[in-house]
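A look at the structure
Residues per chain are reported as follows:
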Amino acid sequence: METPIIELKGLTKNYGSLKAVDNLYLNINKGEIFGLLGPNGAGKTTTILMMLGLTEPAAGNAFVCGVNATKNPIAVKRKVGYMPDSVGFYDSMTAIENLMYIGRLNGIAENEIETRAKETLAIVGLSDEMNKKTSAYSRGMKQRLGLADVLIRNPEVIILDEPTLGIDPSGIKEFLSLIHQLSRQQGLTVLLSSHHLHQVQQVCDRVGIFVEGKLLVEGDIETLSRNLFGEESYVILVTVREDQQSLLEPAEELRMRDDIKNIDVKENTVELSCRQDITPDLVRYFVQKGFNLTGVHKKEYGLDEIYHRYFENKLKNNIANGKSAGLFQRYFFKRNTAQ
Amino acid sequence: MVSPLVYFKDIFSKGILHNSRVQHKPVSPFWVMVRKETGDHVRSWRFIVMLTLIFLTFLGSMYVSLGNIGKAVTNMKDPDRLFIYLKLLTISDGTLPTFHIFISFLGPLLGIALGFDAINAEKNNGTLTRLIAQPVYRDNVLLAKFFGALIVVSVLFFCLALLMIGGGLIITGVPIEPVELLRILAFVVLSIIYVGFWLSLSICLSVSFRHAATSALTAIGIWLFFTVFYQIIVNLIVSSILPGSDYMQPGDIASYNDLLLSFMRLAPNQLYTDAATTLLMPSVRSLGPLTMEQMAGAIPSPLSFRESIMIVWPQVTGLLAATTVCFALTYYLFMRKEIRT
C-alpha cells in the first residue's frame, strides 16, 4: 500500500462569488510524478498555493508530508520545493549568488553552501554560466536555475507550476527528462501543473484533469483512455485521392460489418470506429475497390483527446446544470414571494 | 627534547578550528535576509545618490558653521556658547540652513528612497513568491526590509556625526564634553527614528500599491504635503477661525497659540525639528510659549541633558508611535495577502 505524501481533503477556495477550487480531494503517493492538467484559470495555481500554505483555503485541509499546510506552513516549506510559474531572480546577483542566498535561507551551513550550489548547478547543466548575472539569462536558463533553486534544499516533494512555459520544444524535452530522471534517482515526488498535454504525457505516472476548480478525473493515461473511449477503442482514418462522392458507396457497404461501429466520411477521409484492430482488412478492401490510398492512420488516444472529451462533456453539463439551477431558483423565488 | 614551540602549536589553529565550528551553525533566515537587503542598499544607485546629497549638505553646513564658530563662541549673551560641537551643528549665517533642518527634509527622502519599492518590486520581479516559498516567516520578510534599510541609515548618520566630531577636534583643538557627545548621539538616534518613520510609511505604501512608481509618488506626495502645505493649511484655517488679534485677551491669544502648535505637531517634521532643536540647544527650555510667571526667576542657563530629554520625550514618543502604526498597518496588509504573480 502506497502512502499518500500529499493529501487534499475537501479543499475549497473562493474569490468573491467565483469558486476557484471546489471541494477537491486528491492523494498523491510518494515517488510518483503527478500531472495536474487544466486550462488557464482552472484553479491549478490556487491549489498549489494552498498546498504550500501561501493562501488560506475557505474550507478543507491540505496535508503535505503529514503536516497541515495551512496551520504549519513553515514545516511544509522545509520539505517542499516550489517553482512558481514565472520564476524571478535578483537581477543584480549572479546565478550562484542567487542560489546561495536561497540555500542560506534554508539553513544550509555556510561552509558547505558553495559546494552544494555548484553541485546543483552541475545537475541542471548551468556550470558554465554560473557567474553570469541572472538578468542576462534566457527564459530556459532561468527555468533551469529555478529547478536548481528547488533542488538545493533536498526537498521530499517538488511542485512545479507550469515548468515548461516559454521554453523551446527541445528545451522542454530536456527539462522534463531531467525531472523524470531526478524523480527516479532520488525518489522525489513531483507534482507538475501544465496545460501542455503532450509534455505531461511524456513524464507523468498519473494525471488529474482539473476544470473550473473541480478534479474531473484522475488516473494513469491508459486507464483514462480506456474509461473514456472503452467502446470505440480503435479509430482508423483512411485517406484516399478520390472525392467524397465516390467514398459514400463503400462506406455504406462497410457499415454492414459487425466489427465496425461507426463510419464518418469527411471530404476524402473515412473515419472508422472499430471494435477490433482491422486496419489490414480495411486497407485490402479499399485497394480492391480501386481506391488510391494516400494515408492510413490508426488513432491512439492521447491526453489531448481525453482532455478535449472531458472538457466538452463538462461544458455540456454546465449548460444543462445552469438551466436547471436557474429553474430551481425561479421556483424557490416564486414560492417565497407567494408566502 | 621537545621544542618549546610545541606549546604554541595549537594556539592559533585552535581558534581557527573553533571558528569553523561556529560557521557550521547556520545563520537564521532573518539575518540572511537583513544581510542581503543591506548589501543591496549599499550597492544601489539611489543610495549612492542620497548619500552624496546628504554628504554635500553636511559639508556645506559644516563649512558655514565653521566659518562662524568664532563669532558664536565669543557671543557673551548666548548661554550655550561653550558647547562648541553643538554650535557646529546649529549655527549658520543665513546662507545655508543648519544640518538638522537639512535632515528634516532630506531624511524623509532617504527613508522613501530606501523603502518605496521594498515589496512591490520583488512582487513584480517574481522573486517574492520564490522568497515566500522558502521556510521563512512572512513578518520576517517585512522586518528584514525595515532592518536592512535602518542599519544603512544608522551607519550613515553615525559616520557623519563622528566625522563632524573628529573634524571639529582637528580644526578647533577643543576637547569634546561628555554632555555634548551624549546630546549629539541622542540627536543621531532621533534622526534615525525620524527616517525610520518615513521608511515604514514607504514600506507600507509599497505593500498596498502594485507599482513602485505609484508608491514612490504617493510617499513623495505625503512628504511634500507635510513639509510645504500642511503649515500653510493650518495657518489658513486658524486665521479664518480666529477673531482679529485686537479683540483678544492675552490669555486667549496664548490658548489659540497652543492650539496652533498642537496642530502643527501632527506633522512628523515639526516633531523632529522641535526635538532636534531642544537636543542641540541646551538653553531651550520649552517648545511652547511660556508665560511671564513661568519665566520668573529662571536663569538663562543651559539645561542638563536629562532635562532636555524630558522635554523632547513626547516628540520622540510621537514619532515612535507613528512608526509603529505604519508598521502595524503594513503587517496587517501583508500577512494575509495572497502572493501570486
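Since the model is a prediction, treat every value here as computed from it, not as a measurement.

Some points on the nonpolar core
- Among the nonpolar cores identified, the biggest contains 168 residues, and Leu147 of chain A together with Phe157 of chain B are the most heavily contacted of them.
- Here this core takes 16 residues from helix H9 (residues 178–208) of chain B, the largest share from any one element.
- Dropping the residues within four chain positions of it, Leu147 of chain A is found in contact with Met83, Val124, Leu160, Phe175, Leu178, Ile179 and Leu182 of chain A.
- Ile263, Val265, Val270 and Cys274 of chain A belong to the second-largest nonpolar core, a separate cluster that totals 17 residues.

A closer look at the interface of chain B and chain A
- With 30 residues of chain B at the interface, the matching set in chain A holds 34 residues.
- Contact between chain B and chain A buries roughly 2900 Å² in total, counting both sides, with carbon and sulfur atoms accounting for 54%.
- Sorting the residues of chain B by area buried against chain A places Arg130, Gln134 and Pro135 of chain B first, and these three jointly supply 23% of that buried surface.
- Scanning the region where chain B abuts chain A turns up one salt bridge.
- Its salt-bridge partner being Arg130 of chain B, residue Asp149 of chain A comes within 2.6 Å of it at the nearest N-O pair.

Description of the packing of aromatic side chains
- Per the counting criterion, the structure on display carries 16 aromatic pairs over all chains.
- Taking 6.2 Å as the distance between ring centres and 85° as the angle between the ring planes, the aromatic pair formed by Trp31 of chain B and Phe147 of chain B counts as edge-to-face. Highlighted residues: Trp31 of chain B in helix H2 (residues 29–43) and Phe147 of chain B in helix H8 (residues 138–172), separated in sequence by 116 residues.
- In textbook terms, an aromatic cluster arises when at least three aromatic residues are bridged by ring pairs, as seen for Tyr285, Phe286 and Phe291 of chain A.
- Between Lys36 of chain B and the ring centre of Tyr90 of chain A, over which it is positioned, the NZ or CZ distance is 3.6 Å.

With respect to the pairing of strand S10 (residues 214–219) of chain A
Residue and element names in this part refer to chain A.
- The pairing of strand S9 (residues 206–211) with S10 spans five bridges and is classified as antiparallel. What sits directly across from Phe210, in S10, is Leu215.
- Linking two consecutive strands that pair antiparallel, namely S9 and S10, is a turn of two residues; a positive phi of about 50° is found at Glu212 within it.

Some details on the pattern of salt bridges
- The final tally for this structure, using the stated rule, is 23 salt bridges over all chains.
- Measuring nitrogen to oxygen at the nearest pair gives 2.7 Å for the salt bridge that ties Arg144 of chain A to Glu174 of chain A. One end of the pair, Arg144 of chain A, is in helix H5 (residues 139–151); the other, Glu174 of chain A, is in helix H6 (residues 169–186), and 30 residues separate them in sequence.
- Linked through salt bridges whose partners overlap, the residues forming this network are Lys36, Glu37, Asp40, Glu122 and Lys145 of chain B.

Topic: the confidence of the model for chain A
- With 85% of its residues at a pLDDT of 70 or more, chain A shows a mean pLDDT of 81.
- Here residues 322–339 of chain A scores under 50 on pLDDT; set against residues more than four positions off or in separate chains, the count is zero contacts.

Describing the environment of Gly107 of chain A
Residues and elements named next belong to chain A.
- Among the secondary structure elements, Gly107 is positioned in the loop between helix H3 (95–105) and helix H4 (113–123).
- Owing to a relative accessible area of 31%, Gly107 belongs among the partly exposed residues under this scheme.
- Spatially, the C-alpha atom of Gly107 lies 9.7 Å from that of Arg78, the residues being 29 residues apart in sequence.

Digging into empty space enclosed by the protein
Residue and element names in this part refer to chain B.
- Summed over the entire model, instances satisfying the criterion amount to one cavity of 30 Å³ or more.
- The computed volume of the largest cavity comes to approximately 80 Å³.
- Every residue lining the largest cavity is listed: Phe58, Leu89, Phe99, Ile103, Phe157, Leu160, Ala161, Met164, Ile184, Phe187, Val188 and Ser191.
- Breaking the lining of the largest cavity down by element, the ones donating at least two residues are helix H5 (99–115), H8 and H9.
- Here the residues of the lining of the largest cavity are counted per class, giving eleven nonpolar, one polar and no charged.

What counts as what
Residues numbered from 1 in each chain as written. Chains lettered and ligands numbered in written order. Predicted model: local features only at pLDDT ≥ 70, side-chain atom pairs only at ≥ 80, totals over all residues. Heavy atoms only, no water. Core = buried A, V, L, I, M, F, W, Y, C linked by side-chain atoms within 4.5 Å. Buried < 20%, exposed > 50% of the residue type's maximum accessible area, 1.4 Å probe, protein only. Helix = DSSP H or I, 4+ residues; strand = E, 2+ residues; numbered from the N terminus. Contact = heavy atoms within 4.5 Å. Buried area = accessible area lost by both parts, 1.4 Å probe. Salt bridge = Lys/Arg side-chain N within 4 Å of Asp/Glu carboxyl O. Phe/Tyr/Trp six-rings, centres within 6.5 Å; stacked < 30°, edge-to-face > 60°. Lys NZ or Arg CZ within 6 Å of the ring centre and 35° of its normal. Pairing = 2+ DSSP bridges. pLDDT = per-residue confidence, 0-100. 1 Å grid on protein atoms, 1.4 Å probe; cavity = no way out; pocket = protein on both sides within 12 Å on 5 of 7 lines; lining within 4 Å. Points joined across faces, edges and corners; volume = space filled by probe spheres on them. Nonpolar A, V, L, I, M, F, W, Y, C, P; charged D, E, K, R; others polar.

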